[in-house]
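The lines below spell out each chain.
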Amino acid sequence: MCVQVPAALKIASTIATAGSAAVNAYSSVKQGNAAYQSAQATNQAAQFNASVLRRNAQAVETDQVNVREGAAIERRRLGETRRGEKGEAIARAAAMGIDPNFGSAADVVSDVERAYSIDRNILGRNEITDLRTTDKERRDYLDSAKLTEMEGASALRAGESARRAGYVGAAGSLLEGAASVSSRWIQPGSTATKGAKLRVGA
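Residues numbered from 1 in each chain as written. Predicted model: local features only at pLDDT ≥ 70, side-chain atom pairs only at ≥ 80, totals over all residues. Heavy atoms only, no water.

1. What to know about the overall build of the chain
Operational definition: Helix and strand assignments come from DSSP, with helices taken as H or I runs of at least 4 residues and strands as E runs of at least 2, each series counted from the N terminus. For each residue, the accessible area found with a 1.4 Å probe, counting protein chains only, is set against the maximum for its type, and the residue is called buried under 20%, exposed over 50%, and partly exposed in between. What makes two residues a contact is simply this: any of their non-hydrogen atoms within 4.5 Å. Each accessible area is a Shrake-Rupley estimate made with a 1.4 Å probe; only the visible protein chains count as cover when residues are assessed.
Of the regular secondary structure elements, the chain holds two helices and two strands. Beginning at the N terminus, the succession of helices and strands in the chain can be written as β-α-α-β. Of all 202 residues assigned to the chain, the portion counted as buried reaches 21%. The contacts of the chain with a sequence gap of at least 6 include a subset with a gap of at least 24, amounting to 89%. When the accessible surface of the chain is summed, it comes to about 13,400 Å², and 58% of that surface belongs to carbon and sulfur atoms.

2. Observations concerning the packing of aromatic side chains
Rules: Stacked, edge-to-face and tilted are the three classes for Phe, Tyr and Trp ring pairs, Trp counted by its six-membered ring, which pair at centre distances within 6.5 Å; planes under 30 degrees apart are stacked, over 60 edge-to-face, the rest tilted. Lysine NZ or arginine CZ positioned within 6 Å of the ring centre and within 35 degrees of the ring normal marks a charge as sitting over the ring.
In total, this model carries zero aromatic pairs according to the counting rule given. The ring of Tyr116 carries Arg82 above its face, with NZ or CZ at 5.1 Å from the centroid. Between Arg163 and the ring centre of Tyr36, over which it is positioned, the NZ or CZ distance is 3.8 Å.

3. Things to note about the side chain of Arg138
Considering the arrangement of structural elements, one finds Arg138 in helix 2 (residues 103-185). What makes Arg138 buried here is its relative accessible area of 18%. Those residues in contact with Arg138 that sit more than four places away from it in its chain are Ala57, Val60, Glu61 and Gln64.

4. A closer look at the pattern of salt bridges
Basically, it comes down to this: Think of a salt bridge as a Lys or Arg side-chain nitrogen and an Asp or Glu carboxyl oxygen that are within 4 Å of each other.
Scanning all chains against the criterion turns up 10 salt bridges. Close ionic contact of Asp111 with Arg114 constitutes a salt bridge, the shortest N to O distance being 2.7 Å. Separated by three residues within a single helix, Asp111 and Arg114 lie in helix 2, roughly one turn from each other. For Asp111, a relative accessible area of 44% corresponds to the partly exposed category. Here Arg114 falls in the partly exposed class, since its relative accessible area comes to 45%. Across the salt bridge formed by Arg138 and Asp135, the nearest N and O atoms sit 2.9 Å from each other. Pair noted here: Arg138 and Asp135 are both in helix 2, with a separation of three residues, about one helical turn.

The following block contains the structure:
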């Protein structure tokens with residue numbers, strides 16, 4: 001009576017080994033792809049956030065234009081006020097027969113000029129302060145946008161590396177499984193089927 005128990009066991013073991021290698025390979029690829037997809041999502045979010053930050057920077061640039069235009073309008077208003085007040089002081093002095101270049105009339109004109117100079121200096125300092133503040137805000141937005149883009153790109157590179165590692169790991173698992181299967185069937189000094197049968201009984 002001839003029972004092929006060892007051959008059946010070899011076949012079962014071979015199937016199990018090949019199946020395990022396939023499962024490991026699939027798991028490796030799946031993990032690599034999952035890491036890459038996560039990295040893609042991270043990069044897309046980073047790109048979106050960076051675009052928002054750049055739009056904010058553009059909005060601040062618009063604010064800077066508004067600051068300059070507002071200061072220019074205020075300077076014109078101050079100049080018009082100065083000319084009006086100075087003209088009124090001179091007219092009042094002339095109406096009273098007073099020389100506006102001397103005495104209290106001259107003091108009134110001087111006060112108008114002094115007030116105008118003070119207001120103009122304050123306006124200039126405020127404009128410079130506002131421009132410096134908005135310029136720093138603009139640069140902060142742009143720096144944050146650049147950093148966000150770099151972080152997204154770094155995450156994407158890491159995801160690509162993980163995906164490649166997954167494929168490499170899958171290939172390794174398959175090769176290891178193939179080597180293990182071969183070692184069960186091909187042995188030095190014997191054929192692939194030598195000793196596969198066990199004779200029982202007479």
